[in-house]
Amino acid sequence: MKLFEHEAKDIFRAFGMPTPPGGVARTPEEAKKQAAEVGKPVVVKAQVLAGKRGKVGGVKFADTPEEAARHAEEILKMKINDLPVEAVLIEEKLDIQQEIYAGITVDRNERKYVVIGSGAGGMSIEELAEESPEKIIKHHIDPDFGLQPFEARDMAIAMGFSGKSINKLAGFFLKLWQIVKARDVELTEINPLILTKDGRFLAADARLNIDDNALYRHKKLIESLKREPMELNERERAATQEGMAYVELDGNIACICNGAGLTMATLDAVSLYGGKASTFLDLGGGANAERVEKGIEIAMKYDKVKAILVNIMGGITRCDEVANGILAAKKDGDIRAPLVIRMVGTNEEEGQEILAKAGIPFLKTMEEAAQKVVNLVKEGA
Ligand code: GDP
Ligand code: MN
């Protein structure tokens, strides 16, 4: 679950981390009030679950409360990454001496948390990693001992800080680590952590993702947010309601399969033959005709989809059921893109017979099916 910047900052503050003074506004009037309370020039920031707001006009500066209200009005009309902006954060505008990056995330390969820091914050860490990887400092946290104060200080020194700044910056890393442990955080990031001209360190931005599998341990926190845990689009919501695992990607081939492993393998096969998947859709175990039909219907609603690959391994799932589901989807007019089917296993022959009778072609192997669907998309393009 991703938190909004202002929600993440509430947590930061609760753990004693300094953030710029300010508050949330949902209307221009509220923005004016918040800015007046700050009593100094402010920054008006779109609250959406997307990064790089600065680049698309979602972060603006105002010298007066009236100007803050005007910016808020404009930003509240925006959509960033397709997400409507429902609130802005009004905060004191800081005089920047230096923009710093500080974060903690999971390094799956090392099976450890990793602390990441850089004296060259501001831009995204991915861009920084491309441009000047030598400016990124990393330290893996020993799970038995946790992040130690001396390690946090070493990070600050490696990032180029000296004197009193070392302990101040180390404090941010140690607090991030406390928050990670206490809130089951997968990723947290302060970018930028701003060092002001008058020597203050403040978390000017905040990102915090909580492990979805641990949400049950944070009921109080979720209640206090007064909103649904996840921002889902209509297709994600429908799939979640059906108990299907659904992930949207940038390509144009929807892969509808049963079992996460088979779905991953199917995505790999598509990619091997030069295609790009638009959709990972795992129907789950024991998919019946209705479920297959529903899955196809959901996948088709994503406008990037140019072809569908249904790849089913019959076990508890029966191929005749799958075939009937495909027929039903076809009958309902849900299928607006070419369909490639491969299914093997339980009642394979019955299923193939149903498809053959309806004039729907199918293939025997995943490789053939993946190649076929990739070719169909290429021909269509
Ligand atoms: P993001 O683009 O979505 O990551 O939004 P950020 O909160 O990181 O803001 C983008 C950029 O705006 C930062 O990198 C800063 O350069 C600038 N910015 C944000 N807050 C302040 C502030 O309080 N004072 C000043 N001067 N610049 C700020
Ligand atoms: Mn940022």
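Counting restarts for each chain: residues are numbered from 1 in the order of the written sequence. As a convention, the first chain written is A and the first ligand written is 1, with the rest following in written order. Thresholds applied to this predicted model are a pLDDT of at least 70 for local features of residues and 80 or more for the giving and counting of side-chain atom pairs; totals over whole chains, interfaces and linings are not thresholded and use all residues. As a rule here, side-chain values cover all heavy atoms of the structure and leave hydrogens and water aside.

Enquirer: Please clarify how the nonpolar core should be interpreted in this entry.
Expert: One recurring pattern in soluble globular proteins is that nonpolar side chains are buried together. To qualify as a nonpolar core, a set must consist of buried Ala, Val, Leu, Ile, Met, Phe, Trp, Tyr and Cys residues joined through side-chain atoms within 4.5 Å. To sort residues, take the accessible area from a 1.4 Å probe on protein chains only and compare it with the maximum for the residue type: under 20% means buried, over 50% means exposed, and anything in between is partly exposed. Membership of the largest hydrophobic core comes to 41 residues, with the highest contact counts inside it found for Phe 12, Leu 169 and Phe 173. To qualify as a helix, a DSSP run of H or I must reach at least 4 residues; to qualify as a strand, a run of E must reach at least 2; elements of each kind are numbered from the N terminus. Mapped onto this core, the elements with two or more residues apiece are helix H1 (5-14), strand S7 (96-107), helix H5 (149-158), helix H6 (164-183), strand S10 (185-196), strand S11 (201-203), strand S12 (207-210) and helix H7 (219-225). Ranked by residues supplied to this core, first place goes to H6 with 9 residues. Only heavy atoms matter for contacts: two residues are in contact if any of them lie within 4.5 Å across the pair. Phe 173 has contacts with Ala 102, Gly 103, Ile 104, Val 115, Ile 116, Gly 117, Leu 147, Ala 152, Met 155 and Met 159, leaving out every residue within four places of it along the chain. Ranked by size, the runner-up nonpolar core spans 30 residues in total, among them Tyr 246, Ile 298, Ile 308 and Ala 337.

Enquirer: It is not clear to me how the coordination of the manganese ion (ligand 2) should be interpreted in this structure. Could you clarify?
Expert: Reference geometry at the metal: tetrahedral coordination by four donors gives ideal angles of 109.5 degrees; octahedral coordination by six donors gives 90 or 180 degrees. Only Asn 191 (O) and Asp 205 (OD) from the protein coordinate the manganese ion (ligand 2), and they sit 2.1 to 2.2 Å from it. With Asn 191 in strand S10 and Asp 205 in the loop between S11 and S12, this pair connects stretches of sequence that are 14 residues apart. For the residue pair Asn 191 and Asp 205, the accessibility class agrees, reading buried in each case. Each metal's donors are the N, O and S atoms within 2.8 Å of it, or within 3.2 Å when it is Na, K or Ca, and because water is not part of the set, sites may look incomplete.

Enquirer: I tried to follow the site of ligand 1 on my own but got confused; where do I start?
Expert: Nearness of a residue to a molecule or strand requires only that one of the residue's heavy atoms be within 4 Å of it. Taken together, 17 residues lie around ligand 1, and Lys 45, Arg 53, Gly 54, Leu 94 and Glu 99 are the ones closest in. N or O atoms closer than or at 3.5 Å make up a polar contact, with two conditions inside protein: a donor-capable atom paired with an acceptor-capable one, and, for residues adjacent in sequence, both atoms drawn from side chains. Here Arg 53 contributes a side-chain N or O atom positioned 2.6 Å from an oxygen atom of ligand 1. At a separation of 2.8 Å, a nitrogen atom of ligand 1 approaches a polar backbone atom of Leu 94. For accessible areas, the Shrake-Rupley method is used with a probe of radius 1.4 Å. Any residue's cover is judged against the shown protein chains and nothing else. Taken by itself ligand 1 offers 560 Å² of open surface, and the protein chains cover 83% of this. Put simply, the parts of the chain that give the shell around ligand 1 at least two residues each are strand S2 (42-46), strand S3 (59-62), S7 and S10. Each residue gets one label: Ala, Val, Leu, Ile, Met, Phe, Trp, Tyr, Cys and Pro are nonpolar, Asp, Glu, Lys and Arg are charged, and the others, such as Gly, are polar. Along the lines of polarity and charge, the residues of the shell around ligand 1 split into 6 nonpolar, 4 polar and 7 charged.

Taken by themselves, the reported measurements are silent on function.
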